[in-house]
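Tertiary structure, described
Here is what each chain is made of, one letter per residue.
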Amino acid sequence: MAWVPWIETEQDDSSNEDVQNLYKKTRNLVTGRISDLTRLTSLTPAVSTHIENLRSAVYGDASGLTVREKEIAALVTSAFVGCVH
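What comes next is a walk through the structure. (Residues numbered from 1 in each chain as written. Predicted model: local features only at pLDDT ≥ 70, side-chain atom pairs only at ≥ 80, totals over all residues. Heavy atoms only, no water.)

Within the chain one finds 4 helices and 0 strands. Along the chain, helices (α) and strands (β) appear in the sequence α-α-α-α when read from the amino end. Each principal axis of the C-alpha atoms in the chain carries an extent, and together these give about 40 × 35 × 25 Å. In the chain, which comprises 85 residues, the proportion classed as buried is 16%. Contacts in the chain between residues far apart in sequence, at least 24 positions, make up 38% of those at least 6 positions apart. For the chain, the exposed area adds up to about 7,000 Å²; of that, 61% sits on carbon and sulfur atoms. (Helix = DSSP H or I, 4+ residues; strand = E, 2+ residues; numbered from the N terminus. Buried < 20%, exposed > 50% of the residue type's maximum accessible area, 1.4 Å probe, protein only. Contact = heavy atoms within 4.5 Å. Areas by Shrake-Rupley, 256 points an atom, 1.4 Å probe, with all protein chains shown as cover.)

The structure is reproduced here in structure tokens:
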């Protein structure tokens, strides 16, 4: 059975300039992908931008931790709050 998305999101070629700026800013430089969280909140680019800024401040700019330690912290936190993603 084919995947049928049930949550509307903005497409990569959206005509919304705010969404284009958001996608450009948050696109993974290695894979070229946009995170699922950014896509899920893309209909409200201002909210998505705030979430990305928070993620960057907490996760991306964390000093004193290796990438592996950051990933472990994210995994433990996700499990603690019951995230299944």
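Read on, since the account is not over.
As enumerated under the stated definition, the model contains 0 aromatic pairs in all. Directly above the aromatic system of Tyr23 lies the positively charged group of Arg39, at a separation of 5.4 Å from the ring centroid. (Phe/Tyr/Trp six-rings, centres within 6.5 Å; stacked < 30°, edge-to-face > 60°. Lys NZ or Arg CZ within 6 Å of the ring centre and 35° of its normal.)

Counted according to the given criterion, the structure contains 2 salt bridges. Two residues, Asp12 and Arg39, come together in a salt bridge whose shortest N-O distance is 2.8 Å. Separated by 27 residues along the polypeptide, Asp12 in the segment before helix 1 (17–26) and Arg39 in helix 2 (residues 36–40) bring together distant segments of the chain. Given the relative accessible area of 37%, Asp12 is considered partly exposed. With its nearest N and O atoms 2.9 Å apart, the salt bridge here joins Arg55 to Glu52. Taken as a pair, Arg55 and Glu52 lie in helix 3 (residues 45–60) at a separation of 3 residues, close to a single helical turn. (Salt bridge = Lys/Arg side-chain N within 4 Å of Asp/Glu carboxyl O.)

So yeah, pure geometry; function would need other evidence.
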